[in-house]
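Okay, here's what each chain looks like letter by letter:
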Amino acid sequence: MAYTIAQPCVGVKDTACVEVCPVECIHPTKNEANFSSAEQLYIDPVTCIDCGACQSVCPVTAIYPNEQVPDQWKNFIDVNAKFYQK
Ligand code: SF4
């Protein structure tokens with residue numbers, strides 16, 4: 001299981017979540033070359049330890065445990081995972 005970043009992050013990319021993630025599995029960070037071109041931030045589901053820290057700091061309520069992602073954003077589970085399969 002993992003957490004997923006959904007639609008509300010698109011165009012926002014606040015990065016509060018990046019600061020609090022204990023395993024650094026949210027990318028791109030502001031220091032990475034692809035930050036400006038990324039539509040949103042993404043969680044690496046393989047590395048995520050399900051701690052929930054990112055969810056509580058997100059200013060736009062974009063982050064959910066996979067089993068609680070709202071139906072209209074379920075596709076973002078794959079969107080997050082695919083970012084790390086490139
Ligand atoms: Fe990182 Fe925890 Fe959020 Fe997973 S749930 S992305 S480990 S802060």
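Being a predicted model, the structure only gives us computed values, none of them experimental. (Residues numbered from 1 in each chain as written. Predicted model: local features only at pLDDT ≥ 70, side-chain atom pairs only at ≥ 80, totals over all residues. Heavy atoms only, no water.)

**Q** Just checking my understanding: could you explain the overall build of the protein chain for this structure?
**A** The helix and strand inventory of the protein chain stands at 3 helices and 4 strands. Going from N to C terminus, the protein chain has its helices and strands arranged as β-α-β-β-α-β-α. For a compact globule of 86 residues, the expected C-alpha radius of gyration is about 12 Å, and the protein chain comes in at 11 Å, within 12% of that figure. Taken along its principal axes, the extent of the C-alpha atoms in the protein chain is 30 × 25 × 25 Å. Taken across its 86 residues, the protein chain has 45% of its residues classed as buried. Restricting to contacts in the protein chain with at least 6 residues of sequence separation, those with at least 24 account for 71%. Here the protein chain has roughly 4,800 Å² of accessible surface; of this, 50% comes from carbon and sulfur atoms. (Helix = DSSP H or I, 4+ residues; strand = E, 2+ residues; numbered from the N terminus. Rg over C-alpha atoms; globule rule 2.2 N^0.38 Å. Buried < 20%, exposed > 50% of the residue type's maximum accessible area, 1.4 Å probe, protein only. Contact = heavy atoms within 4.5 Å. Areas by Shrake-Rupley, 256 points an atom, 1.4 Å probe, with all protein chains shown as cover.)

**Q** Help me understand the environment of Asp78 in this model?
**A** In this fold, Asp78 is placed in helix α3 (residues 76-83). Using a relative accessible area of 47% as the deciding quantity, one classes Asp78 as partly exposed.

**Q** Just to check I follow, could you spell out the site of the ligand for this structure?
**A** By nearness alone, 14 residues border the ligand, and Cys21, Cys48, Cys51, Gly52 and Cys54 come closest of all. Its residues assigned to classes, the shell around the ligand comprises 12 nonpolar, 1 polar and 1 charged. (Near = heavy atom within 4 Å. Nonpolar A, V, L, I, M, F, W, Y, C, P; charged D, E, K, R; others polar.)

**Q** Explain unusual backbone geometry to me, please; I cannot follow it from the model alone.
**A** Cis peptide bonds are those with omega within 30 degrees of zero, and the linkage from His27 to Pro28 qualifies with -5°. One non-glycine residue with positive phi stands out, namely Lys13, at about 45°. Despite not being glycine, Asp50 shows a phi value in the positive range, around 65°. The residue Asp50 is located in the loop between β3 (42-43) and α2 (53-57) in this model.

**Q** Whenever I open this one, the nonpolar core confuses me. Can you help?
**A** Burial of nonpolar side chains together is a common tendency in soluble globular proteins. Grouped together as the largest cluster of nonpolar side chains are 17 residues, with contacts concentrated most on Ile5, Cys17, Ile26, Leu41, Ile43, Cys54 and Ile63. Taken together, the elements giving at least two residues each to this core come down to β1 (3-5) and α1 (16-20). Ignoring anything within four residues of it in the chain, the contact list for Ile26 reads Ile5, Cys17, Val18, Cys21, Leu41, Tyr42, Ile43, Cys54 and Tyr84. Core analysis: the second largest hydrophobic core is formed by 5 residues, Tyr64, Val69, Trp73 and Phe76 among them. (Core = buried A, V, L, I, M, F, W, Y, C linked by side-chain atoms within 4.5 Å.)

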